[in-house]
Amino acid sequence: AQTVTQSQPEMSVQEAETVTLSCTYDTSENNYYLFWYKQPPSRQMILVIRQEAYKQQNATENRFSVNFQKAAKSFSLKISDSQLGDTAMYFCAFTAGNTGKLIFGQGTTLQVKP
Amino acid sequence: NAGVTQTPKFQVLKTGQSMTLQCAQDMNHEYMSWYRQDPGMGLRLIHYSVGAGITDQGEVPNGYNVSRSTTEDFPLRLLSAAPSQTSVYFCASKGGINIQYFGAGTRLSVL
């Protein structure tokens, strides 16, 4: 069975600084996708970044980037130049192939302090 | 574009009552799903559908029914609500390149 683990329940960072959120996963699949979702207080689930397992290059979206270590089954999210609007719950998620079934981690609450 | 629309946004039920959470998408996606979010546990898959007329169970299906008569709609039914079903419910639909779009969620309390 696939599992996703986020070991940091809460984190905080000063505005304009960099923070890294950790995520590990377990799977025997070779074809899979990994995601980071942001959930602000509005409760909306917002896709932050997406990584395909067969791509060695780490995905980047503006201030958000990942460190994808396939052998270690690690998928961390780095937020650069943190902004107050980044305050939210962040979820790491996994899906095998094109099944559409997302498996989520427990979430990390990130607070950006002014 | 409306995307994925869920109704209602909030609901309070008494134990034993039934209700249907509505979900509609206007993106012509074949794949739709329902998740529940509980504190400290992330989102868990309840039921999913790969197209009209086809549904299957996810990780936590007990106490919930679904049907998919059209591509657009995927309602979730609670036949006899229990306090353990107090949660936030999300509907999602999956587009190309494996990207899922979520509705705004329904907060359900069962007393």
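Our structure's up above, just so we're on the same page.
All values reported here derive from a predicted model rather than from experimental measurement. (Residues numbered from 1 in each chain as written. Chains lettered and ligands numbered in written order. Predicted model: local features only at pLDDT ≥ 70, side-chain atom pairs only at ≥ 80, totals over all residues. Heavy atoms only, no water.)

Participant: Residues and numbers for the pattern of salt bridges, please.
Facilitator: On inspection of all chains with the given rule, the structure shows six salt bridges over all chains. Residue Lys-73 of chain A pairs with Asp-26 of chain A through a salt bridge whose shortest N-O separation is 3.4 Å. Here Asp-26 of chain A lies in strand β4 (residues 24-26) and Lys-73 of chain A lies in the loop between β8 (64-69) and β9 (74-79), a separation of 47 residues in the sequence. On the accessibility criterion, Lys-73 of chain A (26% relative accessible area) is partly exposed. Between Arg-36 of chain B and Asp-38 of chain B there is a salt bridge; the shortest N-O distance is 2.9 Å. Of the residues examined, Asp-38 of chain B reaches a relative accessible area of 10% and is grouped as buried. Taken together, the shared-partner salt bridges in this structure form one network comprising Arg-50, Glu-52 and Lys-55 of chain A. (Salt bridge = Lys/Arg side-chain N within 4 Å of Asp/Glu carboxyl O. Helix = DSSP H or I, 4+ residues; strand = E, 2+ residues; numbered from the N terminus. Buried < 20%, exposed > 50% of the residue type's maximum accessible area, 1.4 Å probe, protein only.)

Participant: Give a description of the sheet that holds strand β7 (residues 64-66) of chain B that names residues and reports values.
Facilitator: In a beta sheet, neighbouring strands are held together by backbone hydrogen bonds and run either parallel or antiparallel to one another. All names here are of chain B. Read from one edge of the open sheet, four strands run β1-β3-β8-β7, paired in antiparallel fashion. Strands with a single pairing partner mark the edges of an open sheet, and in this sheet they are β1 (4-7) and β7. Strand-to-strand, the axes of this sheet are offset by a mean angle of 20°, without reference to chain direction. In terms of strand pairing, β1 meets strand β3 (residues 19-25) through four bridges, oriented antiparallel. Its bridge partner lying in β3, Thr-5 is registered against Ala-24. (Pairing = 2+ DSSP bridges. Axes fitted to C-alpha atoms, helices over the stretch in contact; angles between N-to-C directions.)

Participant: How would you explain the state of the cysteines if you had to name every residue and give the values?
Facilitator: Residue and element names in this part refer to chain B. One pass over the structure, following the stated rule, counts two disulfides over all chains. For Cys-23, the disulfide goes to Cys-91, at an S-S distance of 1.8 Å. With the S-S bond torsion at -75°, the cross-link from Cys-23 to Cys-91 turns out left-handed. Remark: Cys-91 occurs in strand β9 (residues 87-94) and Cys-23 occurs in strand β3; sequence separation between them is 68 residues. Of the two residues examined, Cys-23 and Cys-91, each falls in the buried class. (Disulfide = S-S within 2.5 Å.)

Participant: Tell me about unusual backbone geometry, and name the residues and values.
Facilitator: For the bond from Thr-7 of chain B to Pro-8 of chain B, the omega torsion is -5°, close enough to zero to count as cis. Turning to its location among the elements, Pro-8 of chain B is positioned in the loop between β1 and β2 (10-13). A positive phi angle is found at Ala-16 of chain A, which is not glycine, with a value near 80°. Examined against the element boundaries, Ala-16 of chain A turns out to sit in the loop between β2 (10-14) and β3 (19-21). Despite not being glycine, Asn-62 of chain A shows a phi value in the positive range, around 55°.

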